[in-house]
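# Understanding the architecture of this molecule
Residue strings, one per chain:
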Amino acid sequence: MGEYSPGHIRTLKRKGQIMATNEVVVAGSTISASQMKDLWRQIGDGSLTNHHIQALLEHRDPFTISMDVASQIGRWRQLFAEVDIQIDVDSVQIPDRRPGFDRLIVVPSGLTLNRLVEILRQKFTVWLWAEDLDSAVVNNDRSNTQAYAIWVRDRIEADEELKNLSAVMLAKQGVRGQTLMERLLHEWVYFSRTRQHLDVKNVTLCSASRDSDGGVPRVYWGTGDRRLQVNWCGAGGRDDDLRPRAVVS
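Heads up: these notes are all about the structure in this document.

## A few points about the nonpolar core
- Membership of the largest hydrophobic core comes to 57 residues, with the highest contact counts inside it found for Trp 76, Leu 180, Leu 184, Leu 185 and Trp 188.
- If you tally residues by element for this core, the top one is helix 8 (residues 180-194), at seven residues.
- In contact with Leu 180, not counting residues within four places along its chain, are Leu 113, Leu 133, Val 137, Cys 206, Ser 209, Pro 217, Val 219 and Val 230.

What follows is the structure, encoded as structure tokens:
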């Protein structure tokens, strides 16, 4: 029907050759009023996010991976709402995804490490080498002055392919690892899905964070004492069970 002019359509209707319709003719394409109404409904109820719309505008398939992304964004939206963290999750820029990096971590702007520990302690025991993490961690490769997101590998144990590499070695190789906040958020979202914990056999080296002496946070789940452990090691510390988690940002 998009091949006909509006005048031609009216002529055909008078002759009874086509039925009356609510279609709107736009630049040679037909979009029905009911389709537009349903489109706005789905945008309004969150079924379609700005990520879907942007992909459509860029002539990309908005559903190649977007259903998985939308599901993960929805989980973050729910988690943040439960603890009254104010963030428009749908507006966060999602970095391009690389093969093998399937877990999305969303970092709200202004969220502090101390506040995040408070949230986690409502769910399980957390032991800290330095109780005031906001004062202890003074440098991070990524700052959450604005909300952002990263991709990490969706696995329980930290990256085996990066074992026995110190934070210094990783920096020289250009490997970007998790910050302490990203690792704790990772723990939160994993626990929310499974009621289980990350790093039950190994330790995540949070190579993107530093204390004032250049020390690097380490995080793991202590299976014996049943608590999340956060402690430190030197920037040159390395071992087979001490491993970063590479990120795509």
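Back to the write-up after that little detour.
## Here we look at a nonpolar patch on the surface
- Together, Ile 31, Met 36, Trp 40 and Ile 43 give the surface a local cluster of nonpolar side chains, amounting to about 360 Å² of exposed area.
- Secondary-structure assignment places Ile 43 in helix 2 (residues 33-45).
- For Ile 43, a relative accessible area of 31% gives the class partly exposed.

## Re the layout of surface pockets
- Approximately 220 Å³ is the volume attributed to the second largest pocket.
- Along the wall of the second largest pocket there are 16 residues; nearest its centre are Leu 113, Val 137, Asn 140, Asn 144 and Met 181.
- Of all the secondary-structure elements, those providing two or more residues to the lining of the second largest pocket are helix 6 (133-136), strand 5 (137-140) and helix 8.
- Counting residues per element, the lining of the second largest pocket draws most heavily on strand 5, at three residues.
- Partitioning the lining of the second largest pocket into residue classes produces eight nonpolar, six polar and two charged.

Here is what the cut-offs are and how they apply
- Here the residue index of a chain counts from 1 through its sequence in written order.
- Residues qualify for local features only when their pLDDT is at least 70, as the model is predicted, and side-chain atom pairs are given and counted only at 80 or more; totals for whole chains, interfaces and linings, by contrast, use all residues.
- Computation of side-chain values covers all heavy atoms of the structure but excludes hydrogens and water.
- Only buried Ala, Val, Leu, Ile, Met, Phe, Trp, Tyr and Cys residues count toward a nonpolar core, and they belong to the same one when joined by side-chain atoms within 4.5 Å.
- The buried label goes to any residue with under 20% of its type's maximum accessible area, the exposed label to any with over 50%, and the partly exposed label to all in between, with areas taken from a 1.4 Å probe on protein chains only.
- A run of H or I in DSSP becomes a helix once it reaches four residues, and a run of E becomes a strand once it reaches two; helices and strands are each numbered from the N terminus.
- Between two residues, a contact is recorded if the distance between any of their heavy atoms is within 4.5 Å.
- Candidate patch residues must exceed 30% relative accessible area and have no salt bridge, after which like charges are joined if within 9 Å and Val, Leu, Ile, Met, Phe, Trp or Tyr side chains if within 5 Å.
- Here the open area of atoms and residues is found with the Shrake-Rupley method and a 1.4 Å probe, where only the protein chains shown may cover a residue.
- Put simply, a salt bridge is a Lys or Arg side-chain nitrogen that is within 4 Å of an Asp or Glu carboxyl oxygen.
- Site definitions follow a grid-based scheme: protein atoms alone, a 1 Å grid, a 1.4 Å probe that fits but cannot get out for cavities, and for pockets an open set with protein on both sides within 12 Å along at least five of seven lines, plus lining residues having an atom within 4 Å of a point.
- Grid points are joined across faces, edges and corners, and a volume is the space filled by probe spheres set on the points.
- All residues other than Ala, Val, Leu, Ile, Met, Phe, Trp, Tyr, Cys, Pro, Asp, Glu, Lys and Arg, Gly among them, are scored as polar; the first ten of these are nonpolar and the last four charged.

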